[in-house]
2 protein chains.
Amino acid sequence: MTAGRPPSAPRGRRPGPDSSKQAVLDAARRLFSENGFERTTIRAIASSAAVDPALVHHFFGTKEQLFRASLELPFDPSEVFLTLDDHRGAEGVALVRGVLAVWREPAVREQFTAMLRAAVTHEHARTALRDLLTSQVLGLLADRMDDEDAPLRAALVGSQMAGLALTRLIMELEPLTSADDEVLVAAIGPTVQRYLTGDLHPTA
Amino acid sequence: MTAGRPPSAPRGRRPGPDSSKQAVLDAARRLFSENGFERTTIRAIASSAAVDPALVHHFFGTKEQLFRASLELPFDPSEVFLTLDDHRGAEGVALVRGVLAVWREPAVREQFTAMLRAAVTHEHARTALRDLLTSQVLGLLADRMDDEDAPLRAALVGSQMAGLALTRLIMELEPLTSADDEVLVAAIGPTVQRYLTGDLHPTA
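Since this is a predicted model, take the numbers as computed values, not measurements. (Residues numbered from 1 in each chain as written. Chains lettered and ligands numbered in written order. Predicted model: local features only at pLDDT ≥ 70, side-chain atom pairs only at ≥ 80, totals over all residues. Heavy atoms only, no water.)

Caption draft 1: Just the pattern of salt bridges, in detail. Residues and elements named next belong to chain A. If you walk through the whole model with that rule in mind, you get 14 salt bridges over all chains. A salt bridge links Arg144 to Asp85; the shortest N-O distance between them is 3.0 Å. Residue Arg144 is found in the loop between α8 (123-143) and α9 (150-170), and its partner Asp85 is found in the loop between α5 (77-84) and α6 (91-104); the two are separated by 59 residues along the sequence. Residue Arg144 is classed as partly exposed on the basis of its relative accessible area, which comes to 34%. What makes Asp85 partly exposed here is its relative accessible area of 34%. Across the salt bridge formed by Asp147 and Arg153, the nearest N and O atoms sit 2.8 Å from each other. Under the relative-accessibility criterion, Arg153 is labelled buried at 6%. (Salt bridge = Lys/Arg side-chain N within 4 Å of Asp/Glu carboxyl O. Helix = DSSP H or I, 4+ residues; strand = E, 2+ residues; numbered from the N terminus. Buried < 20%, exposed > 50% of the residue type's maximum accessible area, 1.4 Å probe, protein only.)

Caption draft 2: Quick peek at the packing of α9 of chain A against helix α9 (residues 150-170) of chain B. Closest axis-to-axis distance for the α9 of chain A/α9 of chain B pair is 7 Å, and the angle between their directions is 110 degrees. As the angle between them shows, α9 of chain A and α9 of chain B are arranged roughly perpendicular. Residue-level inspection shows Gly158, Ser159, Gln160, Ala162, Gly163, Leu164, Leu166 and Thr167 of chain A of α9 of chain A in contact with α9 of chain B, the latter providing Gly158, Ser159, Gln160, Ala162, Gly163, Leu164, Leu166 and Thr167 of chain B. Along the lines of polarity and charge, the residues of the contact of α9 of chain A with α9 of chain B split into six nonpolar, ten polar and no charged. (Axes fitted to C-alpha atoms, helices over the stretch in contact; angles between N-to-C directions. Parallel < 35°, antiparallel > 145°, perpendicular 65-115°, else oblique. Contact = heavy atoms within 4.5 Å. Nonpolar A, V, L, I, M, F, W, Y, C, P; charged D, E, K, R; others polar.)

Caption draft 3: The arrangement of the interface of chain B and chain A in detail. In this assembly, 43 residues from chain B lie in contact with 43 residues from chain A. Summed over both partners, the interface of chain B with chain A comes to about 3600 Å²; 70% of that surface belongs to carbon and sulfur atoms. When the buried area of chain B at its contact with chain A is split by residue, Val120, Met171 and Leu173 of chain B rank highest and sum to 17% of it. Counting every contact that joins chain B to chain A gives zero salt bridges. Put simply, chain B and chain A have 14 residue pairs in polar contact (both at pLDDT 80 or more) between them. Mapped onto the side of chain B that touches chain A, the elements with two or more residues apiece are α7 (106-121), α8 (123-143), α9 and α10 (181-197) of chain B. The residue inventory of the side of chain B that touches chain A, partitioned by class, reads 26 nonpolar, nine polar and eight charged. (Buried area = accessible area lost by both parts, 1.4 Å probe. Polar contact = N/O pair within 3.5 Å; in protein donor to acceptor, adjacent residues only side chain to side chain.)

Caption draft 4: Just the relation of the copies chain B and chain A, in detail. Overlay of chain B on chain A (RMSD 0.1 Å): rotation 180 degrees, translation along the axis 0.0 Å. Look at the turn and shift together and you get a two-fold axis relating the two. Distance from the rotation axis, computed per C-alpha, reaches its smallest value in chain B at Gly163 of chain B: 1.7 Å. Taken together, the interface assignments show that 100% of the residues at the interface of chain B recur at the interface of chain A, consistent with an identical surface on both copies. (Least-squares fit on C-alpha atoms with pLDDT ≥ 70 in both.)

Caption draft 5: Quick look at the side chain of Arg168 of chain B. Residues and elements named next belong to chain B. Along the chain, Arg168 turns up in helix α9. Side-chain polar atoms of Arg168 contact the side chain of Asp181, separated by 2.9 Å. In contact with Arg168, not counting residues within four places along its chain, are Leu100, Leu176, Thr177, Ala179, Asp181 and Leu184.

Caption draft 6: Molecular detail of helix α6 (residues 91-104) of chain B. All names here are of chain B. Given a rise of 1.5 Å per residue, 14 residues ought to cover 20 Å, and the 20 Å separating the end C-alpha atoms of α6 matches this to within 8%. The buried fraction of α6 amounts to ten of the 14 residues, a majority that puts the element mostly inside the structure. What α6 keeps buried is the set Glu91, Gly92, Val93, Ala94, Leu95, Val96, Val99, Leu100, Val102 and Trp103. The inward-facing, buried residues of α6 contact α5 (77-84), α7, α8, α9 and α10. (Expected span 1.5 Å × (residues − 1).)

Caption draft 7: Looking closely at the layout of surface pockets. Considered as a void within the structure, the largest pocket measures approximately 750 Å³ in volume. In terms of lining residues, the largest pocket is bounded by 32 residues, among which Thr121 of chain A together with Arg39, Arg117, Thr121 and His122 of chain B are the most central. Listing elements by their share of the lining of the largest pocket, those giving two or more residues are α1 (17-35) and α7 (106-121) of chain A together with α1 (17-35), α4 (63-70) and α7 of chain B. Top contributing element to the lining of the largest pocket by residue count: α7 of chain B, with six residues. Split by residue class, the lining of the largest pocket holds ten nonpolar, twelve polar and ten charged. (1 Å grid on protein atoms, 1.4 Å probe; cavity = no way out; pocket = protein on both sides within 12 Å on 5 of 7 lines; lining within 4 Å. Points joined across faces, edges and corners; volume = space filled by probe spheres on them.)

As structure tokens, then:
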């Protein structure tokens with residue numbers, strides 16, 4: 001990533017502030033994933049990024065603020081949601097298929113499960129991931145619906161997909177872990193469809 | 001709990017092996033819940049149970065073995081499943097209502113979320129909880145079905161209910177956390193019904 005560096009910057013010189021900042025973020029992401037929030041220190045992140053700890057504080061503030069800055073979804077949910085427009089009436093199947101495809105990438109799967117793990121165990125991570133999910137995933141999904149139940153609908157979809165991640169990817173519960181994607185698309189797609197567009201208040 | 005003590009045991013004397021064993025289990029459960037598997041030591045458990053660490057090893061073996069022994073569901077799933085017989089055709093609604101009622105007990109909710117947390121973060125806990133869920137919850141549910149898809153059906157129910165626990169109880173994702181039980185029963189009951197008895201292989 002050289003996006004922030006001026007095109008005329010000479011090569012081989014001491015890295016500028018943008019690449020130091022990026023190196024800190026990369027190190028933070030890796031160490032938070034590997035060791036969790038609590039056991040990761042600013043000092044270890046600084047050392048891994050080959051910068052002074054004071055510079056980390058200068059860039060990002062506290063460890064919690066650095067954690068928040070380092071959180072980023074390992075995929076772009078709007079890409080998955082965009083495909084829903086092409087599948088009117090079958091959005092549920094399309095959404096489950098899109099999410100399962102995203103999980104097939106080992107790097108994405110790893111970062112996603114690390115985020116879930118952190119969120120389950122650490123208060124800071126929980127708040128940060130909840131804000132991220134709400135603003136960048138479930139909020140986007142709810143915005144697509146013109147419905148007073150939109151936030152509930154999006155959260156229900158979130159509950160099923162988070163539960164699938166928990167059982168299939170993290171707990172490795174069979175037969176979900178070995179199941180072919182299309183078996184899960186057929187089984188879970190109609191659930192997501194109902195949460196998105198169906199009757200949530202049946203009087204049975 | 002004095003179940004294991006002979007009825008004629010004199011009061012006020014040094015506790016016998018059964019109550020020491022129970023004290024170790026109680027301490028283990030509490031400390032594993034509070035501090036997680038990794039940060040809990042045999043020494044701390046022994047100290048909390050007022051016994052010698054050697055006795056803990058003598059009773060339970062390694063820390064992992066003690067962890068497995070200390071795992072127990074904070075509720076009896078067969079009680080929830082038994083009520084399903086009274087609700088033929090509406091088992092999904094009955095199951096969701098039963099699980100939500102179980103979660104309303106603060107002590108049960110706390111132990112259940114502690115188990116989920118441990119399972120997400122620690123390999124030992126993950127294997128142990130998966131075995132427990134498979135044998136004592138999802139296995140029981142699958143045994144009730146006369147269907148080649150029974151294990152998949154039970155695991156799908158598990159994925160939705162685990163996801164609801166994760167979002168409602170642990171991540172405290174709104175509007176799921178504040179939602180009345182009956183809102184969730186109406187929204188999620190039909191999902192569970194379909195997983196239990198519906199068509200899992202629609203060709204759409």
